Amino acid sequence: MAKKKQVEVDLNSDWGYSPAPESKGHIKIKPQYDQFIGGKFVKPSNGKYFDTINPANNEKLSSIALGSAKDVDKAVRAARKAYSEVWSKLSGKERGKYIFRIARLIQERAREFSVIESLDGGKTIRESRDVDVPLAANHFFYYAGWADKLEYAFPNKKPTSLGVAGQIIPWNFPLLMAAWKIAPALAAGNTVVLKPAETTSLTALKLAELIKDSGLPDGVVNIVTGFGDTGAAIVNHPDVNKVAFTGSTGVGKIIQRAIAGTNKKCTLELGGKAANIIFEDAPINQAVEGIVNGIYFNQGHVCCAGSRLFVQESVYEEVIRKLKHRMNTLIVGDPMDKNTDIGAINSKEQLDTINKYIKIGQQEGAEFYQPACKLPKKGNWCPPTLFTNVSQSSRITQEEIFGPVLAVQTFRTVDEVIAKANNTPYGLSAGIWTDKGSKIFNMTTKMRAGVVWANTYNKFDPTSPFGGYKESGFGREGGLQGLSAYLNLN
Ligand code: NAP
Ligand code: MG
C-alpha cells in the first residue's frame, strides 16, 4: 500500500484561522497612573513618570509614577500605621471577609484584567484569560479561607503576624504574582508594600483600584511603582519586617546581601532551567503537547519553563519529528487574538537577550530549527526555536534564557538522565513523561527541583506549594507553606 503523505498545515499562511480578536472596547486605561499609598492615589514626590508600552506594537499605553525612596518611605509608614492601628487588631474572620471580597471583585472584572494584562505584558489573551486571572482570584479565595483558621493550620503553635511585608514582583505573571504575594500576607495579618515590574505595572494599579473599591482599610495594601532602585528602597527600608521577592537570581543575590545581618524574614523565588524528560514508554503525542505548553506557550516567559528537553534515545527521532510538526502549526502574533499561541516578547531588552542566546547556541555548534512563520512588522517577536545536539556544558543548556527556546539532549538510562537533569545551578521545576508510576516516584525523590510534574506540565493550584532549590531560591509560595512564610510560628 502506498504510504500516505503527511500534509503539513501552515497556520501562519493565508489559509490559517480567521482572526478572533478579543475586544478592547470595554476597558479604560487612564493616560497617567499614580501610586497607591495609604488608600489614596498619590503623585510621585519627584513628579516624574515613565511610559508603559504595549510590546505587540511598541506604542505607549500610559504613564506610570516613578517612585523614589521617599515614596517607599511614605508607603512603609502607611503600612505600619495600618498594621498597628487597624489590621493587626481585626479578627481573622474580618480579615477573611475583605480578602474574599477582593477575590469576588477580581472574578467580576476578570475580562478587564485579562485584556489589560495582555496589552501591557504581551502574553496571549488565552493565557491571561484562562490562567493568570482565574488563578489570581483563586489565591485570594484560598487564603481568605485560612485567615480565621491559623491555629488549625499550624497546630500546637501560636501563629503571629510579622508586620510590614515588602514585596517585589517580575513581569511575566504581573497580576498572578501580586496575588501570590498579597493574599497570604493579608490572611496572616500583615500589611503590604508591593512593587510591580516596570514594564507591567498596570494590572497591579488596577488591583489597587479594586482594593480601594473593596473597602479594605487604608494603608493595608500599598503599591509603589518604579525601577530597580524603587525595589531596593523597599528591601533596605528599616521598618520592613519581611521581604518577598520573585525575579532573577542576580537580583535575588543582591537582596540577600542587602538584608544579611538584619532580622528581616525573606523568601526568594528566582530563575529556573527546568528539565522535561521523555521516556520511551511515554504517551508521545501527549508529551509533545506538554513540551510545547512548557516552553512555547507564554513565549517561554515562565520561571519554570521546560527549557531543557531530555529524550530517551529510542524515541528521539519520533519526538523531534512530531515536535517540529507541531512547531509549524504554532501561531505567533497578536496577543489579543484567541488563536495566538505565542504572543509578544515583553520588552525590546528581553528580545535582545533571547536573540543573543540564539546566536550563542548557533556559535556553539548546536543544530538550530525555527519554523518559517510570518511575524508582525511592529512589536517584539520570537518564533518557537529548537536546538538539538547540544552539550551539557553549552550556555544554552546552563543559563536561563526566558524565551521560546528549547535545548534538546538524549539519554539512555534513568541514572544518566537524573545526573544530567540535576546538572544546573537551578532547581525550580521538572517534568517527567512515562507510563510507569514507579519510575515517576523514583525520579521525584532524586530530582533536585521544587516541583516535579508527571505526565503534565505548568499546572498550578493555590493549595500546592511552589518554590526552588539551589539558585532558584528558597521559601515556598502557595499552600500552607506559603502562609507560614508570613507568620512567626512559636
Ligand atoms: P528582575 O530583573 O530580577 O526583576 C524583578 C523585580 O525586581 C522587578 O520588579 C525589578 O524592577 C525589581 N528589581 C530590580 N533590581 C532590583 C534591586 N536591586 N532590588 C530590588 N528590586 C529590584 O527579574 P525580571 O526580569 O523582572 O523577571 C524575570 C525573572 O524572574 C526570571 O529569572 C524568572 O525565572 C524569575 N521568576 C521566578 C519565579 C519563581 O516563582 N521562581 C516566577 C516568575 C519569574 P524593574 O522591573 O524595574 O527592573
Ligand atoms: Mg508594558
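### Digging into the overall build of the protein chain
- In terms of helices and strands, the protein chain carries 16 helices and 20 strands.
- Here the C-alpha atoms of the protein chain give a radius of gyration of 23 Å, agreeing with the 23 Å that 2.2 N^0.38 yields for 490 residues.
- Principal axes of the C-alpha set define a box for the protein chain whose edges measure 80 × 50 × 35 Å.
- Counting over 490 residues, the protein chain shows a buried share of 59%.
- Within the protein chain, the 48 negative side-chain charges are centred at a point lying 4 Å from the centre of the 61 positive side-chain charges.

### What to know about the pattern of salt bridges
- As enumerated under the stated definition, the model contains 28 salt bridges in all.
- With its nearest N and O atoms 3.4 Å apart, the salt bridge here joins Lys206 to Glu112. Within this pair, whereas Lys206 is found in helix 7 (residues 202-214), its partner Glu112 is found in helix 3 (residues 110-121), the two being separated by 94 residues in sequence.
- On the basis of relative accessible area, Glu112 is assigned to the buried category, the value being 16%.
- Close ionic contact of Lys206 with Glu209 constitutes a salt bridge, the shortest N to O distance being 3.4 Å. In this pair, Lys206 and Glu209 both sit in helix 7, three residues apart, roughly one turn of the helix.

### Thoughts on the packing of helix 2 (residues 92-108) against helix 6 (residues 174-187)
- Taken N-terminus to C-terminus, the directions of helix 2 and helix 6 make an angle of 160 degrees; their axes are 9 Å apart at the nearest point. Between helix 2 and helix 6, the angle falls in the class roughly antiparallel. Residues Arg95, Ile99 and Ile102 of helix 2 pack against Ala183, Leu186 and Ala187 of helix 6.
- Each residue belonging to the contact of helix 2 with helix 6 can be placed in one class, and the counts come to five nonpolar, no polar and one charged.

### What to know about the packing of aromatic side chains
- Counted by the stated rule, this structure contains 14 aromatic pairs.
- For the ring pair Tyr142 and Tyr143, a centre distance of 4.9 Å and an interplane angle of 70 degrees mean the geometry is edge-to-face.
- Classification of Tyr143 as buried rests on a relative accessible area of 0%.
- Residues Phe368 and Phe387 carry aromatic rings whose centres are separated by 5.5 Å and whose planes lie at 45 degrees to one another, so their mutual orientation is tilted.

### Overview of the pairing of strand 16 (residues 405-411)
- When you tally the buried positions in strand 16, you get six out of seven residues, the bulk of the element.
- Where strand 13 (residues 308-312) lies against strand 16, five bridges are found, and the strand directions are parallel. Bridge pairing in strand 16 places Leu309 opposite Val408.
- As judged from the three bridges shared by strand 15 (residues 385-388) and strand 16, these two strands associate in the parallel manner. Looking at the pairing, Phe387 lines up with Ala407 of strand 16.

### Some remarks on the site of ligand 1
- Near ligand 1 there are 28 residues, and of these Ile169, Glu198, Ser248, Leu270 and Glu400 occur at the shortest range.
- In this structure, an oxygen atom belonging to ligand 1 sits 3.0 Å away from a side-chain N or O atom of Lys195.
- Note that a nitrogen atom of ligand 1 is positioned 3.5 Å from one of the backbone N or O atoms of Ala232.
- Relative to its free-state accessible area of 900 Å², ligand 1 is covered by the protein chains to the extent of 88%.
- Listing elements by their share of the shell around ligand 1, those giving two or more residues are helix 8 (228-236) and strand 10 (242-246).

### Some thoughts on the coordination of the magnesium ion (ligand 2)
- Coordination of the magnesium ion (ligand 2) by the protein is provided by Ile53 (O), Asp120 (O), Asp120 (OD) and Thr199 (O), with metal-donor distances spanning 2.3 to 2.4 Å.
- Positions of the donor residues of the magnesium ion (ligand 2), expressed as sequence spacing, correspond to I-x66-D-x78-T. Of the two residues, Ile53 sits in strand 4 (residues 49-54) while Thr199 sits in the loop between strand 8 (191-195) and helix 7, which places them 146 residues apart along the sequence.

### Overview of the domain arrangement of the protein chain
- Taken domain by domain, the protein chain holds domain 1 (32-270 + 469-489) and domain 2 (275-454).
- Computed from C-alpha coordinates alone, the two centres of domain 1 and domain 2 are separated by 30 Å.
- Domain 1 puts 29 residues into the contact, and the matching count from domain 2 is 34 residues.
- Both faces combined, the contact of domain 1 with domain 2 buries some 2,600 Å², and carbon together with sulfur accounts for 53% of it.
- The largest contributions to the domain 1 side of the interface with domain 2 come from Arg126, Trp171 and Tyr469, which together make up 24% of the buried area.
- Where domain 1 touches domain 2, the interface holds two salt bridges.
- Its salt-bridge partner being Glu59, residue Lys378 comes within 2.9 Å of it at the nearest N-O pair.
- Seen at the junction of domain 1 and domain 2, the total is 17 residue pairs in polar contact (both at pLDDT 80 or more).

### Let's talk about the sheet that holds strand 17 (residues 429-433)
- The sheet built from seven strands is open, its strands ordered 14-15-16-13-12-17-18 with mixed pairing. Edge strands, defined here as strands with exactly one partner in the open sheet, are strand 14 (367-369) and strand 18 (451-454). Ignoring strand direction, the axes of neighbouring strands in this sheet form an average angle of 20 degrees.
- Inspection of the sheet shows strand 17 paired to strand 18 by four bridges, in the parallel sense. Among the inter-strand pairings, Ser429 is bridged to a residue of strand 18, identified as Val451.
- Lying over the sheet, helix 10 (residues 284-295) contacts strand 12 (275-278), strand 13, strand 16 and strand 17, oriented at roughly 170 degrees with respect to strand 12.

### Looking at the confidence of the model for the protein chain
- Looking at the protein chain, pLDDT values average 96 and 97% of them are 70 or higher.
- Mean pLDDT in the protein chain bottoms out at helix 15 (residues 437-446), which sits at 95, and peaks at strand 9 (residues 221-223), which reaches 99.

### Topic: unusual backbone geometry
- Of note in the backbone geometry, Asn156 takes a positive phi value of approximately 65 degrees without being a glycine.
- One non-glycine residue, Asn458, lies in the positive phi region at around 55 degrees.
- Positionally, Asn458 belongs in the loop between strand 18 and strand 19 (473-474).

Here is what the cut-offs are and how they apply
- Residues numbered from 1 in each chain as written.
- Chains lettered and ligands numbered in written order.
- Predicted model: local features only at pLDDT ≥ 70, side-chain atom pairs only at ≥ 80, totals over all residues.
- Heavy atoms only, no water.
- Helix = DSSP H or I, 4+ residues; strand = E, 2+ residues; numbered from the N terminus.
- Rg over C-alpha atoms; globule rule 2.2 N^0.38 Å.
- Buried < 20%, exposed > 50% of the residue type's maximum accessible area, 1.4 Å probe, protein only.
- Lys, Arg positive; Asp, Glu negative; His and termini not counted.
- Charge placed at Lys NZ, Arg CZ, Asp CG, Glu CD.
- Salt bridge = Lys/Arg side-chain N within 4 Å of Asp/Glu carboxyl O.
- Axes fitted to C-alpha atoms, helices over the stretch in contact; angles between N-to-C directions.
- Parallel < 35°, antiparallel > 145°, perpendicular 65-115°, else oblique.
- Contact = heavy atoms within 4.5 Å.
- Nonpolar A, V, L, I, M, F, W, Y, C, P; charged D, E, K, R; others polar.
- Phe/Tyr/Trp six-rings, centres within 6.5 Å; stacked < 30°, edge-to-face > 60°.
- Pairing = 2+ DSSP bridges.
- Near = heavy atom within 4 Å.
- Polar contact = N/O pair within 3.5 Å; in protein donor to acceptor, adjacent residues only side chain to side chain.
- Areas by Shrake-Rupley, 256 points an atom, 1.4 Å probe, with all protein chains shown as cover.
- Donors = N, O, S within 2.8 Å, 3.2 Å for Na, K, Ca; no water.
- Domains from an automatic or database assignment.
- Buried area = accessible area lost by both parts, 1.4 Å probe.
- pLDDT = per-residue confidence, 0-100.

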